Amino acid sequence: MKRCSEVMTKNPVCCLPDDLVTKAAELMKSEHVGSIPVVENKETKKLIGIVTDRDLTLRIIAEGLDAKSTKVETVMTRKVVTCHTDDDLQKALDVMSENQLRRIPIVDDDSKILGIIAQADVATRVDYPKKTAAMVKEISQANGK
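Residues numbered from 1 in each chain as written. Predicted model: local features only at pLDDT ≥ 70, side-chain atom pairs only at ≥ 80, totals over all residues. Heavy atoms only, no water.

Asker: Hey, could you run me through the sheet that holds strand β5 (residues 103-107) in this one?
Answerer: In spatial order, the strands read β1-β6-β5-β4; together these 4 strands make up an open sheet with mixed pairing. Sheet topology places β1 (9-10) and β4 (83-84) at the edges, where each strand pairs with a single neighbour. (Pairing = 2+ DSSP bridges. Helix = DSSP H or I, 4+ residues; strand = E, 2+ residues; numbered from the N terminus.)

Here's what the structure looks like:
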């Protein structure tokens, strides 16, 4: 089984908690991604949250907030499930399935963001079609099981 470091997309684009949500949305569009890790600052890159396209939809649009004045910290998910670079990919797949996550940040021991694994990474970089199919099915189920 591969390690997370072999499958992850390295150095994902990040944003800061004080950035406006419009910046996060623009990054998602330009980078063709559905989530942006939120880091404490650009120097340490310590992961403190994640903002997803779903967060923007449910927490901005559905609640009628102004995207041009709302900061990322207002809508980001603070409790982020992560894995480490040396973890087995299977651990990441299990965690993604258990938590119904389409992507999982990869960090070091200091919570510095090093990469991210998305469903697409697993589908295109791992030659385990049955495991990929099972993971997608579990993540997509409404109640997790």
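Asker: Would you mind going over the state of the cysteines with me for this structure?
Answerer: Cysteine pairs can be covalently joined through their sulfur atoms, and such a bond is termed a disulfide. Under the defined criterion, the tally for this structure stands at 0 disulfides. Unpaired in terms of disulfides, C14 finds its nearest cysteine sulfur in C15, a separation of 7.5 Å. Relative accessible area serves as the criterion here: at 10%, C14 is assigned to the buried category. C83 carries a free sulfur, and the closest cysteine sulfur to it, the one in C4, is 4.8 Å from it. (Disulfide = S-S within 2.5 Å. Buried < 20%, exposed > 50% of the residue type's maximum accessible area, 1.4 Å probe, protein only.)

Asker: Before we go on, may I ask you to explain helix α2 (residues 21-31) in this structure?
Answerer: For an α-helix the count is 3.6 residues per turn, leaving residues at separations of three or four pointing the same way. All of the buried residues in α2 are V21, A24, L27 and M28. In an axial view of α2, the angular spread of the buried residues amounts to 115°, which keeps them on one side of the axis. For α2, the exposed residues set more than 90 degrees away from the buried face come down to E26 and K29. Where the residues of α2 are buried, they touch β2 (35-39), β3 (47-52), α3 (53-61) and α4 (72-75). Just downstream of α2 lies H32, where phi reads positive at about 60°. (Arc of directions from axis to C-beta. Contact = heavy atoms within 4.5 Å.)

Asker: Would you mind going over the pattern of salt bridges with me for this structure?
Answerer: Side chains that differ in sign of charge can pair as their charged atoms come close. Taken as a whole and judged by the stated rule, the model has 5 salt bridges. Ionic pairing is found between R3 and D88, a salt bridge with its closest N-O pair at 2.6 Å. A residue pair is termed long-range when its members are at least 10 positions apart, and R3 in the segment before α1 (4-7) and D88 in the loop between β4 and α5 (89-99) qualify at 85 residues. The class of R3 is partly exposed, set by a relative accessible area of 37%. (Salt bridge = Lys/Arg side-chain N within 4 Å of Asp/Glu carboxyl O.)

Asker: For this particular structure, what's the right way to read the packing of α2 against α3?
Answerer: Packed helices, taken two at a time, are described by the angle their axes make and the gap between the axes. Packing of α2 against α3 leaves a shortest axis separation of 10 Å and a crossing angle of 145°. Between α2 and α3 the crossing geometry is left-handed. When α2 is examined against α3, the residues V21, A25 and M28 are found in contact with a partner set consisting of D53, L56 and I60. Tallied by class, residues from the contact of α2 with α3 come to 5 nonpolar, no polar and 1 charged. (Axes fitted to C-alpha atoms, helices over the stretch in contact; angles between N-to-C directions. Left-handed = near helix turned anticlockwise from the far one by under 90°. Nonpolar A, V, L, I, M, F, W, Y, C, P; charged D, E, K, R; others polar.)

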